[in-house]
Amino acid sequence: MLRERTAVCVLGTQLWTDVYSAAPAGAQTFSLKHSEDVRVEVVRDGEAEEVATNGKQRWALSPSTTLRLTMSKASTEASADKVTVNYYDEEGIAPIDQAGLFLTAIEISLDVDADRDGEVEKNNPKKASWTWGPEGQGAILLVNCDRDTPWLPKEDFSDSKVYSKEDLKDMSPMVLRTKGPDRLPAGYEMVLYIAMGDSDKVGVFYVENPFFGQRYIHILGRQKLYHVVKYTGGSAELLFFVEGLRFPDESFSGLVSIHVSLLEYMAEVRAQAPTRGSQALSHGIPLTPIFTDTVTFRIAPWIMTPNILPPVSVFVCCMKDNYLFLKEVKNLVEKTNCELKVCFQYMNRGDRWIQDEIEFGYIEAPHKGFPVVLDSPRDGNLKDFPIKQLLGPDFGYVTREPLFESVTSLDSFGNLEVSPPVTVNGKAYPLGRILIGSSFPLSGGRRMTKVVRDFLRAQQVQAPVELYSDWLTVGHVDEFLTFIPVPGTKEFRLLMASTSACYKLFREKQKEGHGEAIMFKGLGGMSSKRITINKILSNEKLVQENLYFQRCLDWNRDILKKELGLTEQDIIDLPALFKMDEDRQARAFFPNMVNMIVLDKDLGIPKPFGPQVEEECCLETHVRALLEPLGVTCTFIDDISAYHKFLGEVHCGTNVHRKPFAFKWWHMVP
């Protein structure tokens, strides 16, 4: 009696068959015949012996004897290859029974750009894992957070539709390659699927080409966990597009996986099994996966851009009282190769602090990259600006809003900076390190909200450093530090506000006979108080306050030297003075020069209105002498009436969109 069954073998896998349990009563030995494209091995007690095609050799039956089958190429017809087992009794003259296994070999490969060269290669052996570094492997996915469709109110990922080919370009391609007969044997089907935990992090689209044009079908993500793939026969490549839905965060590492499985019905229900379609998954008896292929993506992180990168656009708000400031910023920008973009009053609604509302960064994959603005939870009157004016084609948007924490001044993004690339004790940070201001340890003061800190840390590529900024009234790191490039080199300098540098300069000028030099000259009410170098140096209360503020600055200096690997030669002290408010916190006594805008070699520095020595501001002269030998140009901008008196300066009132790093983030090791 010949007993037959069918099986599908995926190339590159092994099929195991138990010859002992299928043997008839009285069988003692067996022989084998098989098709040329089938490789058969008899495995006994862990030892394998390859079987010739002629079927002359015999083996004794035992419980430890199994067959291992592999196939060398894809089948052109279903069940075209065969393995026949002949069973013999003790006499062994003629077979007492036969069993036949009809085989169909197919090739299945789910493929992505795992080697990160912009092309989807075939069956990369490392496509299911993800590793960092220049030799790393694993595909990359962009969060589809721009808006290619003008009528959408939010980002492209906010719905499960694709309206244009431009939207598809933001997604990563994924190809399902198959090769085999025209149709699969009954009872088999292929399913593409994701885990429940990844369904809110990734979306997959399939492009159909009906007679009347293309349609983009959403098949995975959100509520859709699986999609039955139509097997087309022959050599086929099915193209899918994958979009990211969420950035890495505290509860999400950034890794997502997509799987394809070949499923098989139990033999008893094959007669009733549909050959294709989603009905199969709801059949009373579950399907069994006989092969699974997996690809893994990492969601591209949000990357912040430091001052050393070239500027693309400078943003500034137009106010009723900042016409002269706007004019000076415009003149500065005209010296550079970037564009000035003015946020007018209908959009800013009286909010001048554009630095505090947003931070510019970008995301990048091997095939594509674009800028992404991070919107702060501050939500002043500029809150509509990033979505209404920035979000658009190839310009993305992301925000983090706390659910339970209260938002403080430290959540404004004047309190968010990033260093240039640094190396610390042999550890490279090729994209720099993010710097955020916080409260003094154990002080219980203000701190940037946890949801934003967690987001920044989860990006992994710019490991954040917390500084102490709560000693300031406003509490932002841009009030005491900035970075400038050294033109023509890869070097940079950290500029830090320094009260001791200010007192040192003023004492020098006093010794030179300029003790009666007047500050704030020409500023009406401020200069009428006749504030001189002598008065400042003799104001013991001011001296003591600034000794304390210098200790706060030195605390940060030590952290920056340690966490950024800096030496004293990398730091330049800019003179600054602060006065203590009613809450014993610091606000700038004169315009705070470190709070500047950096546009390549052109620096827009708050005009300090310092003591006039020989008709020149001694603070400006001193800062030029410190900085201009590096190759930069200092332009002093009057911000005293439009910004300084409201506790901000040039940097607070401007923002810069910069070019991305040339360095690819996936080449680093966090």
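Residues numbered from 1 in each chain as written. Predicted model: local features only at pLDDT ≥ 70, side-chain atom pairs only at ≥ 80, totals over all residues. Heavy atoms only, no water.

Brief notes about the sheet that holds strand β23 (residues 368-375)
Selection rule: We treat two strands as partners when DSSP finds at least two bridges between them. For the purposes of this entry, the term helix denotes a DSSP run of H or I that reaches at least four residues, the term strand denotes a run of E that reaches at least two, and both are numbered from the N terminus.
Spatially, β19-β22-β23-β24 is the arrangement adopted by the four strands of the open sheet, whose pairing is mixed. Edge positions in the open sheet fall to β19 (303-304) and β24 (396-399), since each of these has one partner strand only. Across four bridges, the pairing between β23 and β24 is parallel. Opposite Val373, over in β24, you have Tyr397 as the bridge partner.

Focus on the pattern of salt bridges
As a reminder, the rule being used: Here a salt bridge means any side-chain nitrogen of Lys or Arg lying within 4 Å of a carboxyl oxygen belonging to Asp or Glu. Residue exposure (1.4 Å probe, protein chains only): buried if accessible area is under 20% of the type maximum, exposed if over 50%, otherwise partly exposed.
Taken as a whole and judged by the stated rule, the model has 37 salt bridges. As a salt-bridge pair, Asp111 and Lys127 come within 3.3 Å of each other at their nearest N and O atoms. Here Asp111, found in strand β9 (residues 97-111), pairs with Lys127, found in the loop between β9 and β10 (139-141); they are 16 residues apart in sequence, far enough to count as distant. Both residues of the pair, Asp111 and Lys127, belong to the buried class. Where salt bridges share partners, they join Asp111, Lys127, Arg177, Glu237 and Asp293 into one cluster.

Regarding the UniProt feature "active site" (unreviewed entry) in the chain
Short version of the rule: UniProt positions are given in the numbering used here, feature names are shortened, and annotations may be inferred rather than shown by experiment. Points on a 1 Å grid, built from protein atoms alone, make a cavity when a 1.4 Å probe fits but cannot get out and make a pocket when they are open with protein on both sides within 12 Å along at least 5 of 7 lines; residues with an atom within 4 Å of a point are the lining residues. Note on definitions: a residue-residue contact is assigned when non-hydrogen atoms from the two residues lie within 4.5 Å.
The residues that UniProt annotates with the feature "active site" (unreviewed entry) are Asp356, His476, Asp478 and Cys652. In terms of the greatest pairwise C-alpha distance, the residues named above, spread along 297 residues, form a tight cluster of at most 10.4 Å across. The annotated residues contributing to the lining of the second largest cavity are Cys652. Relative to the elements of secondary structure, His476 occurs in the loop between β29 (465-468) and β30 (481-485). Discounting residues that sit within four places of it in the chain, His476 has contacts with Asp356, Ser409, Ser412, Gly414, Asn415 and Ser469.

Focus on the packing of helix α7 (residues 499-511) against helix α10 (residues 540-564)
This is how it is decided: Note on method: axes are straight lines fitted to C-alpha atoms, helices fitted across the in-contact stretch only, with angles between N-to-C directions ranging 0 to 180 degrees. Convention used here: angles under 35 degrees read as roughly parallel, angles over 145 as roughly antiparallel, angles from 65 to 115 as roughly perpendicular, and any remaining angle as oblique. Nonpolar residues are Ala, Val, Leu, Ile, Met, Phe, Trp, Tyr, Cys and Pro. Charged residues are Asp, Glu, Lys and Arg, and all others, Gly as well, are polar.
Their axes nearest at 8 Å, the elements α7 and α10 cross at an angle of 135°. What the angle tells us is that α7 and α10 run oblique. In this structure, α7 contributes Thr499, Ser500 and Tyr503 to the contact, and α10 contributes Leu542, Val543, Asn546, Phe549, Gln550 and Leu553. Per-class residue counts for the contact of α7 with α10 are five nonpolar, four polar and no charged.

Some details on α7
Threshold: One fewer than the residue count of a helix, multiplied by 1.5 Å, yields its expected span.
Helix length check: α7 (13 residues) gives 18 Å between terminal C-alpha atoms against 18 Å at 1.5 Å per residue, within 8%. Taken from the residues just after α7, Gly513 is the one with a positive phi, measuring 95°.

Notes on the nonpolar core
Counted only if it meets this: Nonpolar cores were defined as sets of buried Ala, Val, Leu, Ile, Met, Phe, Trp, Tyr and Cys residues, with membership established by side-chain atoms within 4.5 Å.
Of all hydrophobic cores here, the largest spans 92 residues; its most connected members are Met174 and Ile258. The element contributing the most residues to this core is β9, with seven residues. Core analysis: the next-biggest nonpolar cluster, separate from the first, contains 67 residues, Ala517, Ile559, Leu566 and Cys634 among them.

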